[in-house]
Amino acid sequence: MTEQKNKTNFEINQVINQPYKYGFKTNIEKEIFPIGLNENIIKLIVNKKKEPKFLLNFRLKAYKKWLQTKFPTWANLQINSLDFDKISYYSIPKKKKKLNSLEEVDPEILRTFEKLGISLDEQKKLSNVAVDAVFDSVSIGTTYKEKLAKSGVIFCSISEAIQDYPKLIEKFLGTVVSTGDNFFASLNSAVFTDGSFCYIPQNVICPLELSTYFRINDKDSGQFERTLIVAEKNSSVNYLEGCTAPQYSENQLHAAIVELVAFENANIKYSTVQNWYSGDNKGIGGIYNFVTKRGLCIGKNANISWTQVETGSSITWKYPSCVLVGELSSGEFYSIALTNNYQQADTGTKMIHLGEKTTSKIISKGISCGNSKNSYRGLVKIAANAKSSRNFSQCDSFLLGSSSLACTYPYIDIWNSNSIVEHEATISKISEEQLFYLTQRGITIDQAVGLLINGFCKDVVTMLPMEFATEADKLLSLKLEGSIG
Amino acid sequence: MNKILLELNKLEASIEKKQIINGLDLKIGENEIHVIMGPNGSGKSTLSKILAGHPAYTINSGSVLFENKDLLCLAPEERSHEGLFLAFQYPIEIAGVTNYDFLRIAYNEKRKYLGQPELDPLQFMEITQIMLNKLKMRNEFLHRNLNEGFSGGEKKRNEILQMLLLEPKLVILDEIDSGLDIDAIRIICEGINNNMIKNSSLIIITHYPRILQYLKPTHVHIMMAGKIVKTGNIELVEQLEAYGYENIE
């Protein structure tokens, strides 16, 4: 009888809290390194991937810096201690020889991406998006390569780029996020195994939207991917990034680096929809997402724009930033961070104004539900030489329910007197009157909450490319289901 | 007597342990226009919110039947689908949600409830266009955020637009006339008069008899201290105008 009752309760809970859709895992034969990190493991990675000498040095340097750095504790996060000796730093699907085309990819992996709604089969793809799919530590395939090559655009996994374009990699890798930038950046620099590389030559408008899809499959391996995008003078590119992971009761580590370099008049627009597994409704399991994303506007009039929709991960620690060196260059940051259950997010941006007449804009929307904790942390720094610069920041928080938490930490640091910095912040709750009004018109509570949240996030959603905007809308309503009772 | 649409029986209700409705009886038949008048704080707006299912109020005793169904056990959205419409005294502003999106969702929810196919955006636009013309509202209304930055008159007109689209059987107008100029009252009332569906009824909550030139009441009720103390016809309004609430027996 009791058992029966428990079962019913369980089923009701399942309906209320929509399960994570992407929580399945794929059984494939894989090659995995022994757990733990030391110089030998790094050498093993370098040998395995036949990497040039400069990269070995790069990695070893980073490893030494990592050993000297302490785990950061300044964020508004409660983190169960991570044992870096229990993580495997390399896991690849087992395949004997180098893959020449997508047809040689393990069909099981292709099916995984199909299930995720990512078709790697170019014939079947209708949308105008080139995809690089990364499965655990390795890039599985990149679509539309030839079409891109015609316009001179290089889009491939970073492993391939290291083999095929070592000079470009040596020139740009680590120029935006140095090996000693922070604890996780050092760790990533020491052990990164794959990711995407994208190079847009001078005067080229990239003909397709580029997209990387990250999937963590293995239980004990961390994912350390590295993305590098270089946009030469007068070029432009739109980049999309999506992420999912299976459901495990252990926490998995994800520590990525994204570096963007924009030269004179170049435009880079980088959009992320992050939906890593966020743990169950008691806070067990989920991805620890410690990511360093930074863009460098090195040329005059360069522009870098970050748009992110953060709905997943147990812990999010992420501050996509812009360093504005070129005169008249501009940086933008548009963010929606939604946390539910026991998720914690400490996210925001840094806008570092170094050049004259540089401008930046920050719009951050945080939504906290359940027992979650959602912090915006942002720095606007205007250096002495960044004369006549401007920043506008708007940070809005939305609280759902009475046990969630929203915090805003704006840091403003100005070193000249003719720049203008504006900061606006609001915090709001869903009012009973709003819900009553909408429900009186026949709209259900769930829909009403979704409508209000979508309204709250609208400024940011409209910045997303079409495919992502629809996905983001769906994701937000899915995550919100049953969050008000 | 017309067929009964709504029947309240000895209704008692409170908010935060304070009883506001004290044994209220009311019967509304089809094709009727009822006016409820009463001094400030007599519970008129509370009554309208209770009928629509506002979650802040507790029903202590009594019953409410709507077309012989127990209204009190229905959620606010179900009451709406069943045909109850409340035109708010202070329509709520909602940022980031366009009037058009809101109207279309509400409209399609009702259709879903009735087992009818949903209308696509183009079909819906056609219907809305007709309603807009009836209320002399400009198209740009649809693309503004719901009630955000609307003037008092625009908000009230928007309430009536929603009413026309949802085709309710019972409409409660909670001080629809407050803050409106004469022309606006006339347009709104014409909109209501010409578009109510067959056999539907109205409850008008108001302080001013002017609106009753356009919406001719069949019944007039005086409400005081949470119950109906007197019921009559339009002559009761004239009496009120002459002598005030204090002298109502």
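Reference entry: report on the structure contained in this document.

Here we look at the overall build of chain B
Stage number 1. Scanning chain B from N- to C-terminus turns up eight helices and 10 strands.
Stage number 2. By the burial criterion, 51% of the 249 residues in chain B qualify as buried.
Stage number 3. Once local pairs closer than 6 in sequence are excluded, the contacts in chain B between residues at least 24 apart make up 69%.
Stage number 4. If you sum the accessible surface of chain B, you get close to 11,300 Å²; carbon and sulfur atoms cover 48% of it.

What about the nonpolar core?
Stage number 1. In terms of nonpolar packing, the biggest core is built from 105 residues, with A:Ile367 and B:Leu173 touching the most fellow members.
Stage number 2. Sorting elements by how many residues they give to this core places helix 10 (residues 445-461) of chain A first, with nine residues.
Stage number 3. Setting aside residues no more than four positions away along its own chain, B:Leu173 makes contact with B:Ala87, B:Ile160, B:Ile192, B:Leu202, B:Ile203, B:Ile204, B:Ile205 and B:Leu215.
Stage number 4. With 34 residues, the next largest nonpolar core counts A:Ile200, A:Leu260, A:Met351 and A:Val380 among its residues.

Quick notes on helix 10 of chain A
Stage number 1. Taking the largest bend as the criterion, helix 10 of chain A deviates by roughly 40°, centred on A:Gly455.
Stage number 2. The complete set of buried residues in helix 10 of chain A reads A:Ala448, A:Val449, A:Gly450, A:Leu451, A:Leu452, A:Ile453, A:Gly455, A:Phe456, A:Cys457, A:Val460 and A:Val461.

Quick word on the packing of aromatic side chains
Residue and element names in this part refer to chain A.
Stage number 1. According to the stated counting rule, one finds 27 aromatic pairs over all chains in the structure shown.
Stage number 2. Between Trp74 and Trp317, the ring centres sit 5.7 Å apart and the planes meet at 40°, which makes this aromatic pair tilted. Taken together, the positions of Trp74 in the loop between helix 3 (53-68) and strand 2 (91-93) and Trp317 in strand 15 (residues 315-318) put the pair 243 residues apart, joining distant regions of the chain.
Stage number 3. When the centroid spacing of 4.8 Å and the interplanar angle of 65° are considered together, the rings of Phe398 and Phe456 count as edge-to-face. A residue pair is termed long-range when its members are at least 10 positions apart, and Phe398 in strand 21 (residues 390-399) and Phe456 in helix 10 qualify at 58 residues. Across the pair, exposure class does not vary: Phe398 and Phe456 are buried alike.
Stage number 4. Each residue in the set Tyr63, Trp66, Phe71, Trp74, Phe84, Phe183, Phe184, Tyr288, Phe290, Trp317 and Tyr319 is aromatic and connected to the rest through ring pairs, giving one cluster.
Stage number 5. A cation over a ring is seen here: Lys365 above Phe456, with NZ or CZ 5.1 Å from the ring centre.

With respect to the interface of chain A and chain B
Stage number 1. Counting residues at the interface gives 19 residues for chain A, matched by 33 residues for chain B.
Stage number 2. Interface area, chain A with chain B, both sides summed: about 2,200 Å², of which 64% is carbon and sulfur.
Stage number 3. Counting the surface chain A buries against chain B, the share from its top three residues, A:Phe436, A:Tyr437 and A:Arg441, is 36%.
Stage number 4. At the surface where chain A touches chain B, the tally comes to one salt bridge.
Stage number 5. The interface formed by chain A and chain B holds 16 residue pairs in polar contact (both at pLDDT 80 or more) in total.
Stage number 6. Sorting elements by how many residues they give to the side of chain A that touches chain B places helix 9 (residues 432-440) of chain A first, with eight residues.
Stage number 7. Considering only residue class, the side of chain A that touches chain B consists of eight nonpolar, seven polar and four charged.

Topic: the pairing of strand 8 (residues 226-231) of chain A
All names here are of chain A.
Stage number 1. Within strand 8, six of the six residues are buried, which leaves the element mostly enclosed by the surrounding structure.
Stage number 2. Alternating positions in strand 8 separate into two faces, Arg226, Leu228 and Val230 on one and Thr227, Ile229 and Ala231 on the other, with burial throughout.
Stage number 3. Relative to strand 8, strand 6 (residues 196-200) runs parallel, the two being bridged by four bridges. Within strand 8, the position partnered with Phe197 by the bridge is Leu228.
Stage number 4. Relative to strand 11 (residues 257-262), strand 8 runs parallel, the two sharing six bridges. Residue pairing for strand 11: Ile229 is matched across the bridge by Leu260.

Examining unusual backbone geometry
Residues and elements named next belong to chain B.
Stage number 1. Look at Lys10: it is not a glycine, yet its phi comes out positive at around 45°.
Stage number 2. Inspection of the secondary structure puts Lys10 in strand 1 (residues 4-15).
Stage number 3. With a phi close to 45°, Glu167 is a non-glycine residue in the positive phi region.
Stage number 4. Looking at the secondary structure, you find Glu167 in the loop between helix 6 (152-166) and strand 7 (170-174).

Observations regarding the sheet that holds strand 8 (residues 201-205) of chain B
All names here are of chain B.
Stage number 1. One open sheet accounts for six strands, arranged 6-7-8-3-9-10; its pairing is mixed. In this open sheet, the two edge strands, each paired with only one partner strand, are strand 6 (84-87) and strand 10 (227-232). The mean angle between the axes of side-by-side strands here comes to 20°, regardless of whether they run parallel or antiparallel.
Stage number 2. Bridge count for strand 6 against strand 7 is four bridges, and the pairing is parallel. Note on strand 7: the bridge partner recorded for Leu84 is Leu170.

Section: a nonpolar patch on the surface
Residues and elements named next belong to chain A.
Stage number 1. There is a patch of nonpolar side chains on the surface, built from Ile298, Val325 and Leu354 and spanning about 210 Å² of accessible area.
Stage number 2. With respect to the helices and strands, the residue Ile298 is situated in the loop between strand 13 (286-297) and strand 14 (303-310).
Stage number 3. Look at Ile298 and you get partly exposed, because its relative accessible area is 38%.

So, how was this worked out
Residues numbered from 1 in each chain as written. Chains lettered and ligands numbered in written order. Predicted model: local features only at pLDDT ≥ 70, side-chain atom pairs only at ≥ 80, totals over all residues. Heavy atoms only, no water. Helix = DSSP H or I, 4+ residues; strand = E, 2+ residues; numbered from the N terminus. Buried < 20%, exposed > 50% of the residue type's maximum accessible area, 1.4 Å probe, protein only. Contact = heavy atoms within 4.5 Å. Areas by Shrake-Rupley, 256 points an atom, 1.4 Å probe, with all protein chains shown as cover. Core = buried A, V, L, I, M, F, W, Y, C linked by side-chain atoms within 4.5 Å. Bend = angle between axes of the 7 residues up to and from the residue. Phe/Tyr/Trp six-rings, centres within 6.5 Å; stacked < 30°, edge-to-face > 60°. Lys NZ or Arg CZ within 6 Å of the ring centre and 35° of its normal. Buried area = accessible area lost by both parts, 1.4 Å probe. Salt bridge = Lys/Arg side-chain N within 4 Å of Asp/Glu carboxyl O. Polar contact = N/O pair within 3.5 Å; in protein donor to acceptor, adjacent residues only side chain to side chain. Nonpolar A, V, L, I, M, F, W, Y, C, P; charged D, E, K, R; others polar. Pairing = 2+ DSSP bridges. Axes fitted to C-alpha atoms, helices over the stretch in contact; angles between N-to-C directions. Patch = residues over 30% accessible without salt bridge, like charges linked within 9 Å, V, L, I, M, F, W, Y side chains within 5 Å.

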